[in-house]
Amino acid sequence: MFSCESKNASLELEEEVIAIHDEVMPKMGELKALKRGVREKIQVLSTDTLRNKTKIQDLRLLEQELEDAFENMFVWMRQYDNSSEDLDEDEKTQYFLQQKELVQVVNQDVKTAIELAEKELGKN
């Protein structure tokens, strides 16, 4: 009975990890589009770099935040290994708990970057 509960726990965690990933993965294109929008705004403001220096710096940080969110999704995906059949149930549970924490950070970073960029670009 305990083994069955443990197996269900690891399977449930794995499904949660995938669901979190699946929620945010479709937003990758949006991240890239917003990054282009931020870059375009930087170019427009660059016609008067003296007056817009601080704003340009802030936009460059936002552009980097968008890029980091994008890249971190793919870093997480490359390290994720769903072939856990060599692990016992406790190891599977621990692995998927760790992966859940990691993908939640990625998910939140993506959502935060999108929210900030939409606010900056007046798209919310």
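Residues numbered from 1 in each chain as written. Predicted model: local features only at pLDDT ≥ 70, side-chain atom pairs only at ≥ 80, totals over all residues. Heavy atoms only, no water.

1. Quick look at the overall build of the protein
Formally: Put simply, DSSP marks the helices as runs of H or I at least four residues long and the strands as runs of E at least two long, and each gets a number from the N terminus on. Our radius of gyration looks at C-alpha atoms and nothing else; its globule reference is 2.2 Å times the residue count to the power 0.38. Note on exposure labels: buried denotes an accessible area under 20% of the residue type's maximum, exposed denotes more than 50%, and partly exposed covers the range between, all computed with a 1.4 Å probe on protein chains only. Residue contacts are defined here by distance: any two heavy atoms, one from each residue, within 4.5 Å place the two residues in contact. Exposure was quantified through the Shrake-Rupley algorithm and a 1.4 Å probe, taking into account, for residues, occlusion by the shown protein chains and nothing else. By the counting scheme adopted, Arg and Lys are positive, Glu and Asp are negative, and His together with the chain ends is not counted. A single reference atom marks each charge: NZ on Lys, CZ on Arg, CG on Asp, CD on Glu.
Counting its secondary structure elements, the protein contains 4 helices and 0 strands. In summary, the protein has a C-alpha radius of gyration of 19 Å against a globular reference of 14 Å for 124 residues, an excess of more than 25%. Considered along the principal axes of its C-alpha atoms, the protein spans approximately 70 × 25 × 20 Å. When the 124 residues of the protein are sorted by exposure, 34% land in the buried category. For the protein, long-range pairs separated by at least 24 residues make up 78% of all intrachain contacts whose partners lie at least 6 apart in sequence. Entry remark: accessible area of the protein is about 8000 Å², with carbon and sulfur atoms responsible for 51%. Each charge sign in the protein was given a centre, from 17 positive and 28 negative side chains, and these centres are 13 Å apart.

2. Notes on the pattern of salt bridges
Short version of the rule: By convention in these notes, a salt bridge is any Lys or Arg side-chain nitrogen within 4 Å of a carboxyl oxygen on Asp or Glu.
Across all of its chains, the model carries 9 salt bridges by this definition. Here K111 and E23 are joined by a salt bridge, their closest N and O atoms 2.3 Å apart. Of the two residues, K111 is situated in helix α4 (residues 89-121) and E23 in helix α1 (residues 2-24); the sequence distance between them amounts to 88 residues. The partner of E67 in a salt bridge is K35, with the nearest N and O atoms 2.6 Å apart. On the criterion of sequence distance, the pair formed by E67 in helix α3 (residues 49-79) and K35 in helix α2 (residues 28-45) is long-range, its members being 32 residues apart.

3. Things to note about a negative patch on the surface
Quick note on the threshold: Each patch groups residues whose relative accessible area exceeds 30% and which form no salt bridge, using 9 Å between like charges and 5 Å between nonpolar side chains of Val, Leu, Ile, Met, Phe, Trp and Tyr.
A surface patch of negative charge is lined by E65, D68, E71 and D109. Counting residues per element, the negative patch draws most heavily on α3, which supplies 3 residues. Examined against the element boundaries, E65 turns out to sit in helix α3. Given the relative accessible area of 31%, E65 is considered partly exposed.

4. Regarding the packing of α2 against α4
The criterion, for reference: Comment: axis = line fitted to C-alpha atoms, over the contacting stretch for helices; angle = value between 0 and 180 degrees taken between N-to-C directions. Each helix crossing is assigned a hand: it is left-handed if the near helix lies turned anticlockwise from the far helix by less than a right angle, otherwise right-handed if that turn is clockwise. In this classification, the charged set is Asp, Glu, Lys and Arg, the nonpolar set is Ala, Val, Leu, Ile, Met, Phe, Trp, Tyr, Cys and Pro, and all remaining amino acids, among them Gly, are polar.
One can describe the packing of α2 onto α4 by two numbers: an axis separation of 10 Å at closest approach and a directional angle of 40°. Considering only the axes of α2 and α4, their crossing is left-handed. Contacts between α2 and α4 involve M28, E30, L31, L34, G37, V38 and K41 from the first element and V110, A113, I114, A117, E118, E120 and L121 from the second. Its residues placed into classes, the contact of α2 with α4 shows 9 nonpolar, 1 polar and 4 charged.

5. Quick notes on the packing of aromatic side chains
Applicable threshold: A pair of aromatic rings is counted whenever rings of Phe, Tyr or Trp (Trp by its six-membered ring) have centres within 6.5 Å, and the orientation is called stacked for planes under 30 degrees apart, edge-to-face for over 60 and tilted otherwise.
Counting across every chain of the model gives 5 aromatic pairs. Note on Y80 and F96: the rings are 6.5 Å apart at their centroids and 50° apart in plane angle, and the pair reads as tilted. Of this pair, Y80 sits in the loop between α3 and α4 while F96 sits in helix α4, placing them 16 residues apart in sequence. Overall, the relative accessible area of 14% leaves Y80 in the buried class. On the accessibility criterion, F96 (1% relative accessible area) is buried.

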